[in-house]
Amino acid sequence: KDSKKITMDNKIAQELRDAYEEGSFLGFVYNEYYRGSKSELILELCKAHENKEINFFDELLTLNRENECFFPYHQIIEEITISLEHIDCRELFLCSNHLYKEAGEDLASHYFMEPFMNNVHKDLAGLDALIEDLALREDISQLLIAGARSDVTKYFEKAKVLLREKSNYQYKVIFALNRM
């Protein structure tokens, strides 16, 4: 891990930093959230993430289905993303999408997209860039639906433009239009 200087004064903050540097970050966050001081953990984690001392979303990219705390993590992610003042839409989408795909066919898999869907309004310019990114066209329905939660007219118009393009993802755009 990149041991950036983390300026946190309290016990939770120190333990969070130590876990990050030791590579036990996800386990520490899980244990502290469910067995410790949830509100203090969220406060310190948000501070560290927003100060770019810890990238919470990058850490979550290492979480996989075999991890015993995989499915309960959706609640932690939801609470932290709500508490973050600023969110990089691309980071949050890549993280949420990774966890969604990692969950596979499980009925709870959609819960991993909720943090993205519910917080995309914090970075609509980032969402627009994601929609324009041809590499992400496989996920276009999720992106359009998320945008429509903030501005249905704008993202309905974007979907109409995308429908005019002859491509193999048109059915996903039609699905998104149906969900708006």
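Engineer: Please clarify how the packing of helix α1 (residues 11-22) against helix α2 (residues 25-35) should be interpreted in this entry.
Structural biologist: For any two helices packed against each other, the geometry is given by the interaxial angle and the distance between the axes. Where α1 meets α2, the closest approach of the two axes is 7 Å, and the angle between their N-to-C directions is 150 degrees. It follows from the interaxial angle that α1 and α2 lie roughly antiparallel. Note on element contacts: α2 touches α1 through F25, F28, V29 and E32, opposite I12, E15, L16, A19 and Y20. Residue composition of the contact of α1 with α2, grouped by class: 7 nonpolar, no polar and 2 charged.

Engineer: Help me understand the pattern of salt bridges, please; the structure alone is not making it clear to me.
Structural biologist: As a working rule, side chains carrying opposite charge can pair if their charged atoms are close by. One pass over the full model with this rule turns up 13 salt bridges. Residues E114 and R149 are paired through a salt bridge, measuring 3.7 Å at the closest nitrogen-oxygen approach. In this pair, E114 sits in helix α7 (residues 114-119) while R149 sits in the loop between α9 (140-148) and α10 (152-164), placing the two residues 35 residues apart along the sequence. For E114, a relative accessible area of 24% corresponds to the partly exposed category. When its relative accessible area of 43% is taken as the criterion, R149 is described as partly exposed. Of the charged contacts in the structure, one is a salt bridge between E165 and R137, with a shortest N-O distance of 3.3 Å. Within this pair, whereas E165 is found in the loop between α10 and α11 (170-179), its partner R137 is found in the loop between α8 (124-132) and α9, the two being separated by 28 residues in sequence. Beyond isolated ion pairs, a larger network of salt bridges with shared partners links R17, D18 and E21.

Engineer: Explanation requested: helix α6 (residues 89-103) in the structure shown.
Structural biologist: An α-helix turns once every 3.6 residues. As a result, residues three or four positions apart point the same way. With 15 residues, α6 extends 21 Å from end C-alpha to end C-alpha; this agrees with the ideal 21 Å at 1.5 Å per step. Restricting attention to buried positions, one finds in α6 the residues C89, L92, F93, C95, S96, N97, L99 and A103. Tucked into the core, α6 has its buried residues touching α4 (56-60), α5 (73-83), α7, α8 and α9. Sitting at the head of α6, D88 places a side-chain oxygen 2.9 Å from the backbone nitrogen of R90. Of the residues one or two after α6, G104 is the one with positive phi, at around 65 degrees.

Engineer: I keep staring at the environment of Y171 and nothing clicks. Help me out?
Structural biologist: Residue placement: Y171 occurs in helix α11. For the pair Y171 and S141, spaced 30 residues apart in sequence, the C-alpha separation works out to 8.9 Å.

Engineer: What is the right way to read the layout of surface pockets from this model?
Structural biologist: Reported here for the largest pocket is a volume of approximately 370 Å³. Y100, M113, M117, Q142 and R179 are, among the 17 residues lining the largest pocket, the residues nearest its centre. Among the secondary structure elements, those contributing two or more residues to the lining of the largest pocket are α6, α7, α9 and α11. Reported here for the second largest pocket is a volume of approximately 250 Å³. Looking at the second largest pocket, it is lined by 14 residues, and the ones nearest its centre are H49, K52, I54, N55 and E91. Elements with a minimum of two residues in the lining of the second largest pocket: α3 (38-50) and α4. The residue inventory of the lining of the second largest pocket, partitioned by class, reads 3 nonpolar, 3 polar and 8 charged.

What counts and what doesn't
Residues numbered from 1 in each chain as written. Predicted model: local features only at pLDDT ≥ 70, side-chain atom pairs only at ≥ 80, totals over all residues. Heavy atoms only, no water. Axes fitted to C-alpha atoms, helices over the stretch in contact; angles between N-to-C directions. Helix = DSSP H or I, 4+ residues; strand = E, 2+ residues; numbered from the N terminus. Parallel < 35°, antiparallel > 145°, perpendicular 65-115°, else oblique. Contact = heavy atoms within 4.5 Å. Nonpolar A, V, L, I, M, F, W, Y, C, P; charged D, E, K, R; others polar. Salt bridge = Lys/Arg side-chain N within 4 Å of Asp/Glu carboxyl O. Buried < 20%, exposed > 50% of the residue type's maximum accessible area, 1.4 Å probe, protein only. Expected span 1.5 Å × (residues − 1). Polar contact = N/O pair within 3.5 Å; in protein donor to acceptor, adjacent residues only side chain to side chain. 1 Å grid on protein atoms, 1.4 Å probe; cavity = no way out; pocket = protein on both sides within 12 Å on 5 of 7 lines; lining within 4 Å. Points joined across faces, edges and corners; volume = space filled by probe spheres on them.

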